[in-house]
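# Residue-level structural notes
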Amino acid sequence: AFSQDKKIFNETPAQKAERLKWWTDARFGMFIHWGLYSLPARHEWVKSHERITDAAYQKYFDNFNPDEFDPVKWAKEAKAAGMKYAVLTTKHHEGFCLFDSKYTDYKATNTPAHRDLVKEFVDAFRAEGIKIGFYYSLLDWHFPDYTVDDVHPQRPPDSLKGQQKDDAYAKLNKGRDMNKYRQYLKDQVTELLTNYGKIDILWLDWTWGKDDKYGKHSDDWDAINLIKLVRKLQPGIIVNNRLGLENEGYADGGDFVTPEQVKPKELLAYKGKYWETCQTFSGSWGYYRDENTWKDQKQLLDLLVTSTANGGNLILNVGPTARGEFDYRATRALDSLAYWMHENNEAIHNCTYPPDEYNIPDSAQRLTYNPSTKKLYLHFFNYPANGKYVLPNYKGKITYAQFLNDDSEVPFTVSDNGTDLILKLPETKPPYEVPVVELILK
Ligand code: H79
């Protein structure tokens, strides 16, 4: 065991709770992965997966021409779905910058797009009242001084082992100077946190596990000085936990943990922490044309409601096309959430898990709770047969029950044992997924 009590900042738990309040209230955000990888349209890691050279990747830069890019449309779709913040990839692992950086030519302004796309994103989302987040990749597969590691497109062949492998890395990295990359990181983060007004979230991605020999660690980013710089430039900002500082024993090296692409069941483990699960519609983050297995509305609602019911956030990803649009599958999925959130957003926003006395043993359903209004929301993922639903030990705890979508009454009676309540729902399930019953507490 190592101590987790080293501190970088002087902030009390109450001060942290206050700084993160809008975010814990929000519960639901949009991730946007957009870059040159939208052109090959087969995963944002394509350059690494297929070990593509800079020369071979150049065609995507030369042909990046998002003629349908309209972030006002994106922002309206996010807002309709009940998303309160949005995090855009200003630079992903491929190294391409959507913003106009002084420190590189590898940026949108030098492509046929000819514009600072980050600026247009910020203006459009801010106008809709959506909080602004920047994703910035710590990895960089374009910057010449960034050393080759075990996911770099130029890594040695997997067949090499032991000394041969070490020699191959040494040869590849001769003359590469990570000091130059560390400076670039700080310069670009400074640009992002200086030139676009108030930035609400910084999402840095990612750092290897402690013992990964051919990976990068917090020192490779000069992580402590980097996060100090971030908080100095934007004192109210919220930063994720992927600088590797938790491994070094710093509890405040990031504000929240980031379970990526985990199943709803696994989210129970994070209750009591600040957390956000990041999830895709289909598996890939970048636009993937031929990937056809998409989560349906009920699976997406399971992620959203289970997150809220365990005191965490969901950030759901869209990978816009190379033309700059959400494709029809993404739009259809967002519309399905907008439909549900239009009726049921009160059971998500400003909600968390209820006090223990309201827990139910039925793990098929979910309970969310608004501590300010003291309202309890019962989400039916598995509709009870004959509409009869038992709430064990609930006698005397609630005064009234109704469907949240239409305020129609849900009558209840006390069970024969004298301690439980029995809700009398319609015998057949209402014609939409995940109906919510609002329980008015005594
Ligand atoms: O941008 C998307 C992906 O391209 C990128 N992150 C999302 C948001 C990504 N894909 N794979 N990875 C990152 C590998 C990293 C896995 C991690 Fe971890 C899981 C980083 C932190 C948790 C492995 C385990 C490294 C540290 C702990």
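These figures come from a predicted structure and were not determined experimentally.

### Topic: the domain arrangement of the protein chain
Domain annotation for the protein chain reports domain 1 (13–347) and domain 2 (356–441). Spacing between the C-alpha centres of domain 1 and domain 2 amounts to 38 Å. Taken together, the contact between domain 1 and domain 2 spans 13 residues of the former and 11 residues of the latter. Of all elements in the fold, only α10 (297–309) and α11 (328–344) reach the threshold of two or more residues within the side of domain 1 that touches domain 2. Looking at the side of domain 1 that touches domain 2 element by element, the count peaks at eight residues for α10.

### So, the pairing of strand β8 (residues 366–370)
Among the five residues in β8, four count as buried, and that is most of the element. Alignment of β8 against strand β9 (residues 375–379), held across five bridges, turns out to be antiparallel. Across the sheet, the residue bridging to T368 is Y377, located in β9. Linking β8 back to β9 in an antiparallel pair, the connection comprises four residues, with K374 at a positive phi of about 55°.

### Concerning α10
Helix length check: α10 (13 residues) gives 18 Å between terminal C-alpha atoms against 18 Å at 1.5 Å per residue, within 8%. Those residues of α10 that sit buried are L300, L301, D302, L304, V305, T306, S307, T308 and A309. Buried residues belonging to α10 abut β1 (28–32), β6 (276–279), β7 (313–318), α11, β8 and β9.

### Comments concerning the UniProt feature "site: May be important for catalysis" (unreviewed entry) in the protein chain
When the UniProt feature table is mapped to this numbering, "site: May be important for catalysis" (unreviewed entry) covers C278. On the secondary structure map, C278 appears in strand β6. Residue C278 is classed as buried on the basis of its 22 C-beta neighbours within 10 Å. Residues within four places of C278 in sequence aside, it is in contact with F31, T258, E260, I315 and N317.

### Considerations on the environment of A170
Considering the arrangement of structural elements, one finds A170 in helix α7 (residues 162–173). Sequence separation between A170 and T147 is 23 residues, and the spatial gap between their C-alpha atoms is 9.8 Å.

### Let's talk about the UniProt feature "domain: Glycoside hydrolase family 29 N-terminal" (unreviewed entry) in the protein chain
Following the UniProt record, one finds the feature "domain: Glycoside hydrolase family 29 N-terminal" (unreviewed entry) at residues 8–346. Secondary structure across residues 8–346 divides into 34% helix and 11% strand, with the first and last C-alpha atoms of the span separated by 37 Å.

### Digging into the sheet that holds strand β14 (residues 436–441)
As summarised here, the arrangement of the four strands in space is β8-β9-β14-β11, forming an open sheet in which the pairing is antiparallel. Of all the strands in the sheet, just β8 and β11 (398–403) have a single pairing partner and so form its edges. Across the sheet, the axes of successive neighbouring strands diverge by a mean angle of 25°, strand direction being ignored. Pairing analysis gives five bridges linking β9 to β14, with the strands arranged antiparallel. Note on β14: the bridge partner recorded for L376 is L439. Packed on one face of the sheet, α10 meets β8 and β9 and runs near 55° to β8.

### With respect to the site of the ligand
Near the ligand the following residues occur: E44, W45, D205, W206, W208, G209, R242, E260, C278 and W285. Here the residues of the shell around the ligand are counted per class, giving five nonpolar, one polar and four charged.

### A look at unusual backbone geometry
Here D205 and W206 are connected by a cis peptide whose omega angle stands at -10°. Along the chain, W206 turns up in the loop between β4 (201–205) and α9 (223–233). Its identity as a non-glycine residue notwithstanding, H114 has a phi of 55°, on the positive side. When you line up the elements, H114 lands in the loop between β2 (85–91) and α6 (117–127). Since 9 C-beta atoms lie within 10 Å of it, H114 is described here as exposed. Backbone geometry at D222 places phi at a positive 50°, although glycine is not the residue there. Inspection of the secondary structure puts D222 in the loop between β4 and α9.

### Quick word on the nonpolar core
Across soluble globular proteins, nonpolar side chains show a tendency to be buried alongside one another. Of all hydrophobic cores here, the largest spans 105 residues; its most connected members are M30, A86, V87, F134 and L202. Two domains each put at least three residues into this core: domain 1 (13–347) and domain 2 (356–441). Sequence-distant contacts of V87, that is, excluding residues within four places in its chain, are made with G29, F31, I32, G133, F134, Y135, I201, W203 and I315. The next biggest cluster of nonpolar side chains, apart from the first, holds five residues, and it includes L267, Y270, Y274 and W275.

### Some thoughts on the sheet that holds β6
On the basis of which strands lie adjacent, the open sheet formed by seven strands has the order β5-β4-β3-β2-β1-β7-β6 and parallel pairing. Every other strand in the sheet has two partners, leaving β5 (238–239) and β6 as the edge strands with one partner each. Sheet topology places β6 next to β7; four bridges connect them, and they run parallel. When the bridges of β7 are listed, E276 appears paired with N313. Set on the sheet, α10 makes contact with β1, β6 and β7; between it and β7 the angle comes to about 155°.

The rules behind each value
Residues numbered from 1 in each chain as written. Predicted model: local features only at pLDDT ≥ 70, side-chain atom pairs only at ≥ 80, totals over all residues. Domains from an automatic or database assignment. Contact = placed C-beta atoms within 7 Å. Helix = DSSP H or I, 4+ residues; strand = E, 2+ residues; numbered from the N terminus. Buried ≥ 20, exposed ≤ 12 C-beta atoms within 10 Å, placed from the backbone. Pairing = 2+ DSSP bridges. Expected span 1.5 Å × (residues − 1). UniProt positions renumbered as here; feature names shortened; annotations may be inferred. Axes fitted to C-alpha atoms, helices over the stretch in contact; angles between N-to-C directions. Near = placed C-beta within 6 Å. Nonpolar A, V, L, I, M, F, W, Y, C, P; charged D, E, K, R; others polar. Core = buried A, V, L, I, M, F, W, Y, C linked by C-beta atoms within 7 Å.

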